[in-house]
Amino acid sequence: MKVVSQTPDELILESRPWITSLLIVAFIVLFFGIGLSTLLSGDIGGLLFLLGAIVVGGGAFWAFVRFETVRLSRPLDRVDLVSRSILGVTRKDWALSDVARAATERQRSARGTGSTRRPVLIFRGGGSAPIGIVYTNGRGPGRAAKAINDWLGVEE
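The structure presented is a predicted model; accordingly, all values stated were derived computationally and were not measured.

**Student:** Mind showing me how you'd approach the packing of aromatic side chains here?
**Tutor:** Two aromatic rings are characterised by how far apart their centres lie and by the angle between their planes. One pass over the full model with this rule turns up 4 aromatic pairs. Both rings, one in Trp-94 and one in Phe-123, keep their centres 6.2 Å apart while their planes meet at 45°; by these two values the pair is tilted. Taken together, the residues span a long stretch of sequence, with Trp-94 in strand S5 (residues 88-95) and Phe-123 in strand S7 (residues 115-123) at a distance of 29 residues. Grouping residues by exposure puts Trp-94 and Phe-123 together as buried. In this structure, Arg-74 packs its charged tip against the face of Trp-151, placed 3.8 Å from the ring centre.

What follows is the structure, given as structure tokens:
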């Protein structure tokens, strides 16, 4: 997630996975083109490429492409999370006054050799809520948590 707007009253972070989206679309177009070309040349095996483009490519797009926006507003005492995917829009909100700080949540790989992270909000009364659906191994989750904590005036 990247900071797109920061004022004393409001902080907005967004995650726009353009590269992932474009790579998946390129996969779909490539395999669909190969399948269509093979099918038009008379080989029924092209159906496998068409099916792969639709099922694998569509499934990957559904699973990995989420455009997320997190908006923290002091005047409204709100934290809003809007997640857009091919299936629609999901909205969640919390009271900003309930947020103690932000952190990162770690998910270990199945083999235990590595891990991925996502940013989460930690609430004063206990509990947490993820502000990103997708775990990543980049520096984005840590930067997002730091930006939120800096804006909130919380020491890490």
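That was the structure; now back to the text.
**Student:** Looking at this model, I keep getting lost on the sheet that holds strand S6 (residues 99-108). Mind explaining?
**Tutor:** The pairing of strands in a sheet happens through backbone hydrogen bonds and is either parallel or antiparallel. Spatially, S6-S7-S8 is the arrangement adopted by the 3 strands of the open sheet, whose pairing is antiparallel. Both outer strands of the open sheet, S6 and strand S8 (128-130), are each paired with one neighbouring strand and no more. Going across the sheet, the axis of each strand differs from the next one's by a mean of 35°, ignoring polarity. One ladder, built from 9 bridges, connects S6 with S7; its direction is antiparallel. The residue bridging Thr-104 from the neighbouring strand is Pro-119, located in S7. Across the sheet, helix H3 (residues 140-152) touches S6 and S7, and the angle it forms with S6 is around 170°.

About the thresholds
- Residues numbered from 1 in each chain as written.
- Predicted model: local features only at pLDDT ≥ 70, side-chain atom pairs only at ≥ 80, totals over all residues.
- Heavy atoms only, no water.
- Phe/Tyr/Trp six-rings, centres within 6.5 Å; stacked < 30°, edge-to-face > 60°.
- Helix = DSSP H or I, 4+ residues; strand = E, 2+ residues; numbered from the N terminus.
- Buried < 20%, exposed > 50% of the residue type's maximum accessible area, 1.4 Å probe, protein only.
- Lys NZ or Arg CZ within 6 Å of the ring centre and 35° of its normal.
- Pairing = 2+ DSSP bridges.
- Axes fitted to C-alpha atoms, helices over the stretch in contact; angles between N-to-C directions.
- Contact = heavy atoms within 4.5 Å.

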